[in-house]
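Next come the chains, spelled out residue by residue.
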2 protein chains.
Amino acid sequence: MKSFLRRGHVLIESVEPQVDCGRYRAKAVAGDEIGVSADIYRDGPSVLAAAVRFRGPGDKKWSEERMTHVDNDRWAGSFTPDRIGVWEFAVEGWTDRFATWRRDLIKRVEAGQDVDVELQEGAQILEGHLKAIPAPERNRVKEAIVSLRLPASDASQKRAVGFEDPRVKSALDENIAELMSAHHNRSGSTITKPTLQLTVDRELARFGAWYELFPRSTGRPGEHGTFDTAAEELPRVSEMGFDVVYLPPIHPIGTTYRKGRNNTLEPEESDVGVPWAIGSPRGGHTAIHPDLGTLDDFRRFVKESERHGLEVALDFAIQCSPDHPWVTEHPEWFVHRSDGSIRHAENPPKKYQDIYPIDFDTGDREGLWTELKGILDFWIDTGVKIFRVDNPHTKALPFWEWAIESIKDEHPDVIFLSEAFTRPKVMKGLAKLGFTQSYTYFTWRNTKDELTEYMTELSAGDTAKYFRPNFFANTPDILHEYLQTGGRPAFKIRLVLAALLSPAYGIYSGYELGENTPVAPGSEEYLDSEKYQLVHRDYEAEGNLNRFITRINRMRRAYPVLHHLTNLRFHEVDKPNLMAFSKSLPGETPVLVVVNLNPYHWEEGMLTLDLDALGLDPWATFKVHDLISDETYEWQGSQAYIRLDPFNEPAHVFRILR
Amino acid sequence: MKSFLRRGHVLIESVEPQVDCGRYRAKAVAGDEIGVSADIYRDGPSVLAAAVRFRGPGDKKWSEERMTHVDNDRWAGSFTPDRIGVWEFAVEGWTDRFATWRRDLIKRVEAGQDVDVELQEGAQILEGHLKAIPAPERNRVKEAIVSLRLPASDASQKRAVGFEDPRVKSALDENIAELMSAHHNRSGSTITKPTLQLTVDRELARFGAWYELFPRSTGRPGEHGTFDTAAEELPRVSEMGFDVVYLPPIHPIGTTYRKGRNNTLEPEESDVGVPWAIGSPRGGHTAIHPDLGTLDDFRRFVKESERHGLEVALDFAIQCSPDHPWVTEHPEWFVHRSDGSIRHAENPPKKYQDIYPIDFDTGDREGLWTELKGILDFWIDTGVKIFRVDNPHTKALPFWEWAIESIKDEHPDVIFLSEAFTRPKVMKGLAKLGFTQSYTYFTWRNTKDELTEYMTELSAGDTAKYFRPNFFANTPDILHEYLQTGGRPAFKIRLVLAALLSPAYGIYSGYELGENTPVAPGSEEYLDSEKYQLVHRDYEAEGNLNRFITRINRMRRAYPVLHHLTNLRFHEVDKPNLMAFSKSLPGETPVLVVVNLNPYHWEEGMLTLDLDALGLDPWATFKVHDLISDETYEWQGSQAYIRLDPFNEPAHVFRILR
């Protein structure tokens, strides 16, 4: 019975944000205002008060912000984590005895009741809270107590008093009410436990433009590139407005079962192999492909990227070529078949003989996991803080939770991007387990309905609490049919969508040139894919999208509304190929995007704005300035005529001028 | 790191049913099939298996039922608690190595691959699981192992085999697959924890018809009734088909500030007082009002009720008249004002001087709570198993959790009905904290829209997991305007709705006579309310609804679909005053109700049936038999014409004959 005796009257339920009952952490960015809400109620008609309690990494003491009642016993408040790391929060709710007494006193005085006894009780309540009032203010409360205890002007006769009674005036003094609200003691308060946690990242975790680049392709035609030649690309990538330069694996590549050009099984002597077939006698995951340079060269590349405002992202692919040093040094980390051979990767009946997967269920689990974390530590030491993780869904899920937690414990600024294209709950699971960002189904969402449904799922549901999308418009593995057939307009359309729907997005080099030839009809693989060979490009070739991309990336940087996801709202357009969406934030210029999804033909239609979502009055006249065409229109009300010709520009990106 | 090393690959999330992350218990009835579902997934493409584990009160060992994959990584299974008490359950998920291997083998053979090594691995897997196979079946698995290890028919040459290969046949033997599926060991399995709990009640917790009766009104005109005269009403109540006879407080009534007829403050000497003003010098909550009889008389009344198939529900009202023995014996259980007086009940500026509320925050919390629980124990000892709790939302919420848990721990068959009419989350909170059933807003939901919205909330949402409605059509406190003005048809309509929408419902005596005069216009209080005086009735008076009520209660008993809530479905009718709903269960006759909500006039319209909800084919011809009019109609398809005249019968209650 004893434990029940200690329980308070106040119940607190359904605290948000939480993910799977607090099993996982919600995600945020330092400087974000985190809205916290909860159902808070108690028995009886007492006035309640509530606060969100929070503390940052390393804090011993709790801070707090008061919550307010919204509606239907739902309370809301917020706090703003000011630095990265794991934050904790909880909700406290308690009975505000003074406010309850004050509310009832007003009703009694209004009803003309005798309140002599109530005033004495008010004095008692004030007295009971006196210690909680800061010393400089205490005298004011003491004075109120004295005043409440004065005899009634006609004390011999019990009678009704009015609001003009000096004792009632003291009792209802707004200053006293504020002091008591701010400082009263909270005996019997309820605090939720266990605390909920929040992973607070730097802004790049949510907002950033990624550029994927094979360093080996940056040499002169016919020559294998190096980190030094790759560094020559940095000014170009930086000028286009990208934030991250992502490199496929930079490690030695195996030769056993090496794949030739266009994924042939009989390579030529000169074929460079697949960077994801990691490991050769020259080393494994902590070695550098000798043709790319040395570790010092790489460090210099990282420094040079930094100088251009770019961060380097490395690829973390936990798999080995048959020539990886682990195959001989740690055969116990692989699955051995009954004939003694090591099991290669497969997806029956498909076989990938150039790759050995790691056995996460090895008897030497601790040795393996420690080694894998060591790889991350090694590259972090070179200055790399971003890892794009290859196929994490084919590796033990508990490994990721442990590895990401361990790394972020020491380096909370590290970012992990999950490259999982698999079932929705597995992709979401990886995000819950700790991945900072995730690849998505974006590439396969091309119609207005598909995009609207998917964006609603990502931006408006529970998912947004922990799953941060990174919309790659293409990857070395995915050249969607839409790009294959839609020409230059298709590349512009998909860029606008990727870059403006999602705060984080990326392209793989060649996108700016509209490269769109598949290896075979119906395939999403590139012809002469860079996965198997060097691809030398003229980035200034005619028809390039460099300036278009630059313009879009500049808008992204200039307008803070584009740094967020949950502020996305769709607007109605009466044509299936015209899609409109906006992003808004209090105090910031809203941005409205209208896209023609048809890369083959102009489309026209009527746009019906959700003026409320844009913070506009129903009959307001306002100007919209197209950041792409640089034209300005004057609109009134919610309706606007739209005509977009993809061979001119397939999209408007309006800033709304109020 | 160590703890992570032990974690399995399989993740299990969003287990249902659970209430507030398992903080509270979901509710069920013994014999119910409890559907359990969860998201279950792991890394990689392995085949998973899952089971729901469960155990009943006192069980040490767990039982289990296997779950199956539904869609999108959601799994479902069920179990059926066979007795009342607190049940626990959990979900276990694991990797089925044999099924994974078998699935892949099929793909390999289909692709014409050499599977020699795979067959050896299959033999190894079988061997590894041999101990888990029950001894009588083990030989079959051993034979399969031998067969898998046979040399290939042409062992000298690696080559593809077909499904006709005897080793492949052994490997894919359905019997072996079933044995392995049922009995393989589950190394690395994940079991959710902590376990989730379920309060399993007897059927009366969900399904029952209540009849509220003031025993003191059962005497001859002008005389105070007794338990003996009240017992004379039992045959009538029983014959009408009620299950519970609920008595307002039967304790001595205070005289200080006693209320007179129609809530006047100046009672006459002969006024009997309000039964909820509990306590006089003759005793308090464990005493019986001397005019009603003795404790022995009460015990006899309970026995007599039982003989008529009725259970007695008592009123548990934690409050005292100023004459209650506790006022002198335990003054510390009340709030004392600064002038030394005890605080009476109030809702400022309203005062209820005849009632002292209990101070749940008394310094003697343990003494008070123990005494209160003792009251329940006292009446349980007389054979009472049902308590209708008066205004529980004005008493400390943690008290209820403790008291109900403590009582049900010893007497799991006890039923607590929460009489809280307050804010939605507080009403739901009481249900979460343990109340078996709850009063609802039903009385104030009269239009089709109101009823549909409210029933959807109660039957189809999270609420249904823990909140069991008891639809009282009237109470001594609530005579809704609909009944005041709608005449006899209104009483029939509201009875049909209460009794057929909700598995538990009730009426307060006088309903069958259509008593509908309010004390004042706009008031929901009865004129000459039985709360303040004796009310003698002629239950056979002309126009009584006895036969109608009897018919409805008989239907309720006869058709198991009416014993449930979550099986409720609405059907479209094209008129706002015509409402249609049905209840179905697999293997049971569906019941379809069509009601005219307009008590003043006939209504006609087209009903569009949701045939799927009724288990009917789109073009089926079927008969519907009206259990009210005893007429049978032949219908085809989803459309039917409806005409209901409230002055004849305001509702059809069709059983669907297939």
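What counts as what
- Residues numbered from 1 in each chain as written.
- Chains lettered and ligands numbered in written order.
- Predicted model: local features only at pLDDT ≥ 70, side-chain atom pairs only at ≥ 80, totals over all residues.
- Heavy atoms only, no water.
- Phe/Tyr/Trp six-rings, centres within 6.5 Å; stacked < 30°, edge-to-face > 60°.
- Lys NZ or Arg CZ within 6 Å of the ring centre and 35° of its normal.
- Least-squares fit on C-alpha atoms with pLDDT ≥ 70 in both.
- Contact = heavy atoms within 4.5 Å.
- Pairing = 2+ DSSP bridges.
- Helix = DSSP H or I, 4+ residues; strand = E, 2+ residues; numbered from the N terminus.
- Axes fitted to C-alpha atoms, helices over the stretch in contact; angles between N-to-C directions.
- Salt bridge = Lys/Arg side-chain N within 4 Å of Asp/Glu carboxyl O.
- Disulfide = S-S within 2.5 Å.
- Buried < 20%, exposed > 50% of the residue type's maximum accessible area, 1.4 Å probe, protein only.
- Polar contact = N/O pair within 3.5 Å; in protein donor to acceptor, adjacent residues only side chain to side chain.
- Parallel < 35°, antiparallel > 145°, perpendicular 65-115°, else oblique.
- Left-handed = near helix turned anticlockwise from the far one by under 90°.
- Nonpolar A, V, L, I, M, F, W, Y, C, P; charged D, E, K, R; others polar.
- Domains from an automatic or database assignment.
- Expected span 1.5 Å × (residues − 1).
- pLDDT = per-residue confidence, 0-100.
- Arc of directions from axis to C-beta.

### Some points on the packing of aromatic side chains
Thinking step 1. Scanning the entire structure with this criterion turns up 71 aromatic pairs over all chains.
Thinking step 2. Ring-pair connections join several aromatic residues into one group, and the members of that group are A:F316, A:F360, A:W369, A:F387, A:F399, A:W400, A:W402, A:F416 and A:F435.
Thinking step 3. One cation-aromatic arrangement involves B:R236 over B:Y539; the distance from NZ or CZ to the ring centre is 3.4 Å.
Thinking step 4. Across from the ring centre of B:Y454, 5.1 Å away, lies the NZ or CZ of B:R445, which sits over that ring.

### Re the relation of the copies chain A and chain B
Thinking step 1. Between the two copies, chain A and chain B, the superposition gives an RMSD of 0.1 Å; the rotation angle is 180° and the shift along the axis is 0.0 Å. The two molecules are tied by a two-fold rotation axis, judged by turn and shift. No C-alpha of chain A approaches the rotation axis more nearly than that of A:C21, which lies at 2.8 Å.
Thinking step 2. Same-surface contact between copies: 100% of interface residues of chain A are shared with the interface of chain B.

### With respect to the sheet that holds strand β27 (residues 632-636) of chain B
Residues and elements named next belong to chain B.
Thinking step 1. Ordered by their spatial adjacency, 8 strands build an open sheet running β27-β26-β29-β24-β23-β22-β25-β28, and the pairing between neighbours is antiparallel. Strands with a single pairing partner mark the edges of an open sheet, and in this sheet they are β27 and β28 (639-644). If you compare each strand with its neighbour and ignore which way they point, the axes differ by 35° on average.
Thinking step 2. With 6 bridges connecting them, strand β23 (residues 578-583) and strand β24 (residues 591-596) associate as antiparallel partners. Within β24, the position partnered with L578 by the bridge is N596.

### A look at the interface of chain A and chain B
Thinking step 1. Taken residue by residue, the interface counts 62 residues in chain A and 62 residues in chain B.
Thinking step 2. Here B:E401 ties to A:R7 by a salt bridge, and the two come within 2.4 Å at their closest N and O atoms.

### Some remarks on unusual backbone geometry
Residue and element names in this part refer to chain A.
Thinking step 1. Cis peptide bonds are those with omega within 30 degrees of zero, and the linkage from E16 to P17 qualifies with 0°.
Thinking step 2. Note on placement: P17 falls in the loop between β1 (11-16) and β2 (26-29).
Thinking step 3. Going from P348 to P349, the amide bond is cis rather than trans, its omega being 5°.
Thinking step 4. Turning to its location among the elements, P349 is positioned in the loop between β14 (345-347) and β15 (350-352).
Thinking step 5. In this structure, D630 takes a positive phi of about 65° despite not being glycine.
Thinking step 6. Position of D630 relative to the elements: it lies in the loop between β26 (621-626) and β27 (632-636).

### Some words on the state of the cysteines
Thinking step 1. As enumerated under the stated definition, the model contains 1 disulfide over all chains in all.
Thinking step 2. Note that A:C21 is cross-linked by a disulfide to B:C21, the S-S spacing being 2.1 Å. Where A:C21 bonds to B:C21 through sulfur, the torsion about that S-S bond is close to -90°, and the disulfide is left-handed. Highlighted residues: A:C21 in the loop between β1 and β2 and B:C21 in the loop between β1 (11-16) and β2 (26-29), drawn from two different chains.
Thinking step 3. Classification of A:C21 as partly exposed rests on a relative accessible area of 40%.

### Section: the side chain of A:S459
Residue and element names in this part refer to chain A.
Thinking step 1. Mapped onto the elements, S459 comes out in helix α14 (residues 448-460).
Thinking step 2. A residue is classified by how much of its surface remains accessible, and S459, at 7% relative accessible area, is buried.
Thinking step 3. Of the polar contacts made by the side chain of S459, one reaches the backbone oxygen of M455; its length is 2.7 Å.
Thinking step 4. For S459, the contacting residues outside a window of four places in its chain are A464, L565, T566 and L568.

### Concerning the pairing of strand β26 (residues 621-626) of chain B
Residue and element names in this part refer to chain B.
Thinking step 1. As paired strands, β26 and β27 are joined by 5 bridges and run antiparallel to one another. If you follow H625 over to β27, its bridge partner there is T632.
Thinking step 2. A loop of 5 residues connects β26 with β27, the two strands running antiparallel in sequence, and D630 in this loop sits at a positive phi of about 65°.
Thinking step 3. Of the strand pairs in this sheet, β26 and strand β29 (residues 651-657) are connected by 4 bridges, and their pairing is antiparallel.

### Re the packing of helix α15 (residues 481-501) of chain A against helix α16 (residues 546-558) of chain A
In a pair of packed helices, the angle between the axes and the distance between the axes together describe the arrangement.
All names here are of chain A.
Thinking step 1. Packing of α15 against α16 brings their axes to within 10 Å, and their N-to-C directions diverge by 15°. When the axis of α15 is compared with that of α16, the two are roughly parallel. Crossing of α15 over α16 shows right-handed handedness. On the side of α15, the interface is formed by K492, L495, V496, A499 and L500, while α16 contributes F548, I549, I552 and R556.
Thinking step 2. Here the contact of α15 with α16 is built from residues that sort into 7 nonpolar, no polar and 2 charged.

### Quick notes on the pattern of salt bridges
Thinking step 1. Counted under the stated rule, the structure contains 110 salt bridges over all chains.
Thinking step 2. The salt bridge involving B:R25 is made with B:E405; its shortest N-O contact spans 3.4 Å. Placement of the pair is B:R25 in the loop between β1 and β2 and B:E405 in helix α12 (residues 397-410), with a sequence separation of 380 residues.
Thinking step 3. Judged by its relative accessible area of 33%, B:E405 is partly exposed.
Thinking step 4. Put simply, A:R108, A:E118, A:E121, B:R337, B:R343 and B:E346 are held in one network by salt bridges that share partners.

### Comments concerning the domain arrangement of chain A
Thinking step 1. Taken domain by domain, chain A holds domain 1 (11-95 + 189-200), domain 2 (98-182), domain 3 (203-563) and domain 4 (568-657).
Thinking step 2. Averaged C-alpha coordinates put domain 1 of chain A and domain 4 of chain A at centres separated by 37 Å.

### Description of the sheet that holds strand β21 (residues 504-508) of chain B
Residue and element names in this part refer to chain B.
Thinking step 1. The parallel open sheet is built from 8 strands, whose spatial order is β19-β18-β17-β12-β11-β10-β21-β20. Both edges of this open sheet fall to β19 (437-438) and β20 (470-472), since each of them pairs with a single strand only.
Thinking step 2. The sheet contact formed by strand β12 (residues 311-316) and strand β17 (residues 386-390) spans 4 bridges and is parallel. Across the sheet, residue L314 finds its bridge partner in β17, namely F387.
Thinking step 3. Helix α11 (residues 365-381) rests against β12, β17 and β18 (415-419) of the sheet, and its axis sits at about 160° to β12.

### Here's the deal with the side chain of A:T443
Residue and element names in this part refer to chain A.
Thinking step 1. Looking at where T443 falls in the secondary structure, it is placed in the loop between β19 (437-438) and α14.
Thinking step 2. Relative accessible area serves as the criterion here: at 4%, T443 is assigned to the buried category.
Thinking step 3. When residues no more than four places from it in sequence are discounted, the contact partners of T443 are F472, A473, I478, H480 and R494.

### Comments concerning helix α16 (residues 546-558) of chain B
Residues and elements named next belong to chain B.
Thinking step 1. Over its 13 residues, α16 runs 18 Å from end to end, which matches the ideal 18 Å to within 8%, given 1.5 Å per residue.
Thinking step 2. Along α16, the residues that are buried comprise N546, F548, I549, T550, I552, N553, M555 and R556.
Thinking step 3. On its buried side, α16 packs onto β10 (208-212), α8 (234-239), α15 (481-501), β21 and β29.

### Here we look at the confidence of the model for chain A
Thinking step 1. When pLDDT is averaged along chain A, the result is 96; 98% of the residues meet or exceed 70.
Thinking step 2. ipTM for the predicted complex: 0.95, alongside a pTM of 0.95.

### What to know about helix α6 (residues 174-183) of chain B
Residue and element names in this part refer to chain B.
Thinking step 1. Looking at α6, one finds that the buried residues are I176, A177, L179 and M180. End-on view of α6: buried residues confined to an arc of 165°, all on one side of the axis. The outward face of α6, more than 90 degrees from its buried face, is lined by the exposed residues E174 and E178.
Thinking step 2. On its buried side, α6 packs onto α2 (97-110), α3 (116-129), α4 (135-148) and α5 (166-172).
Thinking step 3. Measuring from the side-chain oxygen of the N-cap residue of α6 to the backbone nitrogen of N175 gives 2.7 Å; that N-cap residue is D173.

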